[in-house]
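# Examination of the molecular architecture
Spelled out, the chains give:
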Amino acid sequence: MVLQRVIRAVIMGPPGSGKGTMSARIIKSFGLQHMSSGDILRANIQDKTELGLLMKSCIDQGQLVPDDIISRLILNDLRKIDNSGWLLDGFPRTVSQAEALDNAFSLDTVINLDVPFQTIKERLTSRWTHIPSGRVYNTDFNPPKVPGLDDVTGEPLVQRDDDRPETVTRRLKSYETQTEPVLEFYRSKGVLESFTGTETNKIWPHVEAFLHRKFSSLSQRAA
Ligand SMILES: Nc1nc2c(ncn2[C@@H]2O[C@H](COP(=O)(O)OP(=O)(O)O)[C@@H](O)[C@H]2O)c(=O)[nH]1
Ligand SMILES: Nc1ncnc2c1ncn2[C@@H]1O[C@H](COP(=O)(O)OP(=O)(O)O)[C@@H](O)[C@H]1O
């Protein structure tokens, strides 16, 4: 689909709701650039940057990193790619982050994956991640072609330190207290679109149809 103007979108949902999996489908179908705050932080940890070393214990314990640090990092990176459309995943996670984003960019839509917590807990214990690219696999849902190796690069997959059951519980708690208010923030601005379900394959056609409608209405308005 050829767009007449850039589209700026956010994907939200609890940890493990399928944001990364859904983002891969969205960027393939709609040509947006994907920016994931979790992928950026994990790449910093892997590369042992100053930021990565500072943030590692926070992330491993399932706590959010400080608002000012993550907001500065993401907004700087977004400015570099803002001549094309983007899909932001994992940011904002607090109302303060949402306000910082709102001051810098106006969003076209916020896609919310409303997936029950029980479904999520089972998924995260079988998640395998290719850290350099952010590609995710699941031993049941989308296993890699060769067990333990990334399909594209053949490099090893790892289980994230923060996917341990007790850390997942802490992350879900922080989602409830700190991130759910962000949904309210976007609902009141009229940009929130929620999709409820327990399977990515069943939710995807609804997200795809919604984005087709959104893209064509924005293109018509821009023409
Ligand atoms: N069983 C199952 N696993 C899924 C489904 N959708 C995604 N997953 C897996 O669940 C885990 C979490 O998904 P991910 O996209 O990383 O979620 P995120 O944390 O919201 O970005 C990954 O291991 C995915 O492969 C689904 O519909 N069913
Ligand atoms: N916007 C953010 N604000 C604060 N911490 C963040 C943010 N994005 C990522 N993090 C940190 O990185 C961890 C992993 O994030 P992410 O990969 O988005 O998780 P998930 O894929 O499970 O939703 C979070 O638990 C948190 O510690």
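Definitions and cut-offs
Residues numbered from 1 in each chain as written. Chains lettered and ligands numbered in written order. Predicted model: local features only at pLDDT ≥ 70, side-chain atom pairs only at ≥ 80, totals over all residues. Heavy atoms only, no water. Near = heavy atom within 4 Å. Polar contact = N/O pair within 3.5 Å; in protein donor to acceptor, adjacent residues only side chain to side chain. Areas by Shrake-Rupley, 256 points an atom, 1.4 Å probe, with all protein chains shown as cover. Pairing = 2+ DSSP bridges. Helix = DSSP H or I, 4+ residues; strand = E, 2+ residues; numbered from the N terminus. Axes fitted to C-alpha atoms, helices over the stretch in contact; angles between N-to-C directions. Contact = heavy atoms within 4.5 Å. Nonpolar A, V, L, I, M, F, W, Y, C, P; charged D, E, K, R; others polar. Buried < 20%, exposed > 50% of the residue type's maximum accessible area, 1.4 Å probe, protein only. Arc of directions from axis to C-beta. UniProt positions renumbered as here; feature names shortened; annotations may be inferred.

## A look at the site of ligand 1
Near ligand 1 lie 17 residues; those nearest to it are Gly16, Thr21, Arg127, Tyr137 and Thr200. Between ligand 1 and Asn142, the relevant distance is 2.9 Å, taken from an oxygen atom to a side-chain nitrogen or oxygen of the residue. Considered on its own, ligand 1 offers 580 Å² of accessible surface; in the complex 90% of this is hidden by protein.

## Some details on the sheet that holds strand β4 (residues 109–114)
Strand order in this open sheet of five strands is β2-β3-β1-β4-β7, and the pairing throughout is parallel. With one partner strand each, in any of the chains shown, β2 (33–36) and β7 (192–196) form the two edges of the open sheet. On average, adjacent strands in this sheet sit at an angle of 20° to one another, irrespective of strand direction. In this sheet, β4 lies alongside strand β1 (residues 8–12) in parallel orientation, the contact comprising four bridges. Opposite Val10, over in β4, you have Val110 as the bridge partner. Sheet strands touched by helix α4 (residues 67–81): β2 and β3 (86–89). Its angle to β2, the strand with the most contacts, is close to 170°.

## Regarding the site of ligand 2
Around ligand 2, the surrounding shell holds 19 residues, and the nearest of these are Lys19, Ser37, Arg42, Gln63 and Arg171. Here Gln63 contributes a backbone N or O atom positioned 2.6 Å from an oxygen atom of ligand 2. Between ligand 2 and the protein, one listed contact pairs an oxygen atom with a side-chain N or O atom of Arg171 at 2.3 Å. Considered on its own, ligand 2 offers 550 Å² of accessible surface; in the complex 96% of this is hidden by protein. Residue composition of the shell around ligand 2, by class: seven nonpolar, five polar and seven charged.

## Looking at helix α3 (residues 50–60)
The complete set of buried residues in α3 reads Leu51, Gly52, Met55, Cys58 and Ile59. Buried residues of α3 fall within an arc of 125° about the axis and therefore sit on the same side. Facing away from the buried side of α3 by over 90 degrees, the exposed positions are Glu50, Leu53 and Leu54. Buried positions along α3 lie against α2 (37–46) and α4. One or two positions beyond α3, positive phi appears at Gly62, with a value near 80°.

## Structural notes on the UniProt feature "binding site: GTP" (unreviewed entry) in the protein
Using the residue numbers shown here, the UniProt feature "binding site: GTP" (unreviewed entry) corresponds to Gly16, Ser17, Gly18, Lys19, Gly20, Thr21, Arg127, Val136, Tyr137 and Thr200. The largest pairwise C-alpha distance within this set of annotated residues, which runs over 185 residues, is 14.4 Å, so the set is compact in three dimensions. By the secondary structure assignment, Gly20 is in helix α1 (residues 19–30). Mapped onto the elements of the fold, Val136 is located in strand β6 (residues 135–138). We classify Val136 as partly exposed; its relative accessible area is 23%. Those residues in contact with Val136, other than ones at most four positions away along the chain, are Thr21, Arg127, Trp128, Thr129 and Asn142.

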